[in-house]
Amino acid sequence: MKCNLEATFIIMMNSKYTVIVFSLLLAGCANVSQPDMRQAGQPESKSKNQLEDQAEDQSEDRVDLPRLELTGQLLYEFMLGDVALQRGRPDLAAQTYLELARATRDPRVARYAAHLAAETRQIEQALAAARLWLELEPDSLRAKRMLVTLLLGGGMLDEARPHLAGLLVADPGNTFLQIYPMLARHPDKAAAFDLALELTQPYPRVAEARWVLAQGAEAAGKHEVAVAEARQARSLRPEWDKAVLLEAELLRAEAPQQTLAVLQKYLASYPDKKEVRLYYARVLMERKQYKSARTEFQRLLDSNPDNADLAFAVALLSLEMGELDRAERELRQALVNGKKDENAVYYYLGQLHEAKKHDAEALQNYRKVGEGEYAFPARTRTAFLLNKAGKLEEARQTLHQVEAQDDQQRVQLLLIEVQMLRDNKQPEAAYRVLTQVREKLPNHPELLYEAAMLADQIGKHETSEQLLRQLIQIKPDHAHAYNALGYSMLERNERIPEAMQLVKKALQLAPDDPAILDSVGWGYYRLGNLAKSVEFLRRAYTASPDPEIAAHLGEVLWMQGKREEATKIWQQARKAHADNAVLEAVVKKFLP
């Protein structure tokens, strides 16, 4: 069939895929020039990678190509593949172009078939097309790279091995960096490391080879090998930031001070390496060296004054260090820059004003926080401040308007509301709220515990015991459930032996918990063992000078005849907790 290029090109204009493939095919027709691809909607500007690919295409297009006659059947097959792709049948399109590549033996059609199949995740067809492409163009680096990518992605290390070795000969440094992500994704880390070890052996002086081997060793659990290889990579290329960052990351968990020393020494020689300085600043912050971290972030900010993220980091460090006025200036500067999420800035301005005890300003800033990750904490802090100002119902309404994203947030909102009601001496209302919501989350440990505590507080002792036993069944290691159940019996002076078993079980689970030590001490008091009681109560009071522990310790000391010491403990506790009902009741009982 004679090539009627003009008529055929008009037919193909409506499909960018067909124009691309068809133009490759037409290049095989004698005495015919290819159409300008820009006419088919291709962009004129190209990235560096695109220009490199184009140069390589032109080099590879100089191979001998088959001289094809454009038959009606071939044209039909191309159209079939294109229509299948447009109509959402990538499987049919990939198979069609693979068959066309086999029929035409044109490496450009094979290349297109491979790319199309890979892009539409038809991996078997992509592998077949890539193998054919390399068969037709055995010297093509692009064909080798694509086949290697597919083979490594499919876990076929053995078949990839010879192709990798060939690619490395041409450009070892860049090739090692390109193959690393594919090796890293391989599920068998030991096998991937063995392959990396084999590939890197011929290149002992290539820093990228040592870098890849270090990554593979760490993934395979060979930490010491990884550190040694990372150091070798850095010695081969002292200026290479990837090498020093890898060494620092490998040392970060086990030797953080050594990590800091490595980074500090590197930056002394290469002060303009911003990625390394940023990593150094983050490690300093992680190690709570806030002043030094702020210095590094500030240095980065000075060279990038419009970077709102850096300004924000500096401000948060000032806030962490308690330099509130400076932090406010820096936060507002981050807001002025306009590139940082303003919701984050307003949230931390709210935090800052809370720290300054400027509740009205804090509320204003929290209310400016829109949707996003800061919305939930901003709404809960708004409710807290409203309740603090005596606006309980408005605070509860604020909580009710929050859209929880999951059960964890739903429980958190509920517990905040319950605590508000308890703070306002409304335990019955708090219990009702919990009862209503527990129908949806009947076995949630936190809700069970809070409901049990409230039930006991309002005199529903049987219900409280039932809830606590349910909680113990769900979480048999819940120390505070045992403690609460046992202490409730001790406080009512009921079933003391059983109560002691419960609080001692709690003590086994949490041997240093002050509240549990107090319960055990109070249990010995109920049993009449005053010496043992004082021993545990003193331990509890030393760990936590809680007013209720002070009340118990003072009472037992009084009963021992140590009235002066008891009085002193009560007086000290009253100064710090003047409104504690339990403490006041005991003081009035013994000091009318």
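Per chain, residues are indexed from 1 in the order of the written sequence. Only residues with pLDDT of at least 70 are given local features in this predicted model, and only at 80 or more are side-chain atom pairs given and counted; all residues enter the totals for whole chains, interfaces and linings. Hydrogens are left out, water is left out, and the side-chain values use all remaining heavy atoms of the structure.

**Focus: the overall build of the protein**
Next up, step 1: Strands here mean DSSP runs of E at least two residues long; helices mean DSSP runs of H or I at least four residues long; both are numbered from the N terminus. The helix and strand inventory of the protein stands at 34 helices and 0 strands.
Next up, step 2: Out of the 592 residues in the protein, the part that is buried amounts to 46%.
Next up, step 3: Counted over contacts in the protein with a minimum sequence separation of 6, partners at least 24 positions apart contribute 50%.
Next up, step 4: The Shrake-Rupley method, run with a 1.4 Å probe, gives the accessible areas here. Residue values count only the displayed protein chains as cover. By element, 48% of the accessible surface of the protein is carried by carbon and sulfur atoms, the whole surface being about 30,900 Å². Burial classification: accessible surface area is computed with a 1.4 Å probe over protein chains only, and a residue below 20% of its type maximum counts as buried, one above 50% as exposed, and the rest as partly exposed. The contact definition used throughout considers only heavy atoms, calling two residues in contact when any of these lie within 4.5 Å.

**A word on the nonpolar core**
Next up, step 1: Joining through side-chain atoms within 4.5 Å is the link that ties buried Ala, Val, Leu, Ile, Met, Phe, Trp, Tyr and Cys residues into a set, and such a set is a nonpolar core. Residues Leu152, Leu164, Phe176, Phe297 and Trp570 are the most contacted members of the largest nonpolar core, which totals 179 residues.
Next up, step 2: In contact with Trp570, not counting residues within four places along its chain, are Ala550, Ala551, Gly554, Glu555, Trp558, Leu583, Val586, Val587, Phe590 and Leu591.

**Notes on the side chain of Ser140**
Next up, step 1: Along the polypeptide, Ser140 turns up in the loop between helix H7 (123-136) and helix H8 (141-153).
Next up, step 2: Accessibility expressed as a relative area gives 2% for Ser140, which makes it buried.
Next up, step 3: At 3.4 Å, the side chain of Ser140 and the backbone nitrogen of Arg142 are in polar contact.
Next up, step 4: Here a polar contact is recorded for every N or O atom pair within 3.5 Å, except that within protein the pair must consist of a potential hydrogen donor and a potential acceptor, and residues adjacent in sequence are included only if both atoms are side-chain atoms. In this structure the side chain of Ser140 is engaged in a polar contact, spanning 3.1 Å, whose partner is the backbone nitrogen of Ala143.

**Quick notes on empty space enclosed by the protein**
Next up, step 1: A pocket, in this scheme, is an open set of points on a 1 Å grid over the protein atoms alone with protein on both sides within 12 Å along at least 5 of 7 lines, while a cavity is a set where a 1.4 Å probe fits but cannot get out; residues line either one if an atom lies within 4 Å of a point. Grid points are joined across faces, edges and corners, and a volume is the space filled by probe spheres set on the points. Per the stated rule, a full pass over the model turns up 1 cavity of 30 Å³ or more.
Next up, step 2: Put simply, the largest cavity is a space of about 40 Å³.
Next up, step 3: Elements with a minimum of two residues in the lining of the largest cavity: helix H27 (461-474) and helix H28 (479-492).
Next up, step 4: At 4 residues, the largest contribution of residues to the lining of the largest cavity is made by H27.

**Quick notes on the packing of aromatic side chains**
Next up, step 1: Only Phe, Tyr and Trp rings are paired, with Trp represented by its six-membered ring, and only when their centres lie within 6.5 Å; those with planes under 30 degrees apart are stacked, over 60 edge-to-face, the remainder tilted. By the definition in use, this model includes 14 aromatic pairs.
Next up, step 2: Consider the rings of Trp211 and Trp240, whose centres lie 6.0 Å apart with planes at 50°: the pair is tilted. Of this pair, Trp211 sits in helix H12 (residues 207-219) while Trp240 sits in the loop between helix H13 (223-236) and helix H14 (241-252), placing them 29 residues apart in sequence. We note that Trp211, like Trp240, is buried.
Next up, step 3: Summarising the aromatic geometry, the rings of Trp558 and Phe590 are spaced 5.6 Å apart at their centres and angled 50° between planes, so their arrangement reads as tilted. Highlighted residues: Trp558 in helix H32 (residues 547-559) and Phe590 in helix H34 (residues 581-590), separated in sequence by 32 residues.
Next up, step 4: Owing to a relative accessible area of 14%, Phe590 belongs among the buried residues under this scheme.
Next up, step 5: An aromatic cluster is defined as three or more aromatic residues linked by ring pairs; in this entry it consists of Phe312, Tyr347, Tyr348, Tyr366 and Tyr374.

**Brief notes about H28**
Next up, step 1: One less than the number of residues in a helix, times 1.5 Å, gives the span that helix is expected to have. With 14 residues, H28 should reach 20 Å at 1.5 Å per residue; the first-to-last C-alpha distance of 20 Å fits that figure.
Next up, step 2: Of all 14 residues in H28, 11 are buried; the element is thus mostly enclosed.
Next up, step 3: What H28 keeps buried is the set Ala479, Ala481, Tyr482, Asn483, Ala484, Leu485, Gly486, Tyr487, Ser488, Met489 and Leu490.
Next up, step 4: For H28, the secondary structure elements touched by its buried residues are helix H26 (445-457), H27, helix H29 (496-509), helix H30 (514-526) and H32.
Next up, step 5: Residue Asn493 follows H28 closely and has a positive phi angle near 60°.

**Let's talk about the pattern of salt bridges**
Next up, step 1: Here a salt bridge means any side-chain nitrogen of Lys or Arg lying within 4 Å of a carboxyl oxygen belonging to Asp or Glu. One pass over the structure, following the stated rule, counts 34 salt bridges.
Next up, step 2: Measuring nitrogen to oxygen at the nearest pair gives 2.6 Å for the salt bridge that ties Glu330 to Arg326. Of this pair, Glu330 and Arg326 both sit in helix H19 (residues 324-337), 4 residues apart, roughly one helical turn.
Next up, step 3: According to the relative accessible area criterion, Glu330 is buried, its value standing at 13%.
Next up, step 4: Between Arg492 and Asp456 there is a salt bridge, and its shortest N-O distance comes to 3.5 Å. Linking Arg492 in helix H28 with Asp456 in helix H26, this pair joins segments that are 36 residues apart in sequence.
Next up, step 5: Each of Asp325, Glu328, Arg332 and Lys356 takes part in salt bridges that share partners, so that together they form one network.

**Details of the environment of Glu218**
Next up, step 1: Examined against the element boundaries, Glu218 turns out to sit in helix H12.
Next up, step 2: Considered as a pair, Glu218 and Phe193 are 25 residues apart in the sequence and their alpha carbons are 9.0 Å apart.
Next up, step 3: Once you skip the residues sitting within four places of it in the chain, Glu218 turns out to touch His223, Ala226 and Leu250.
Next up, step 4: Side chain to side chain, Glu218 and His223 meet in a polar contact 2.8 Å long.

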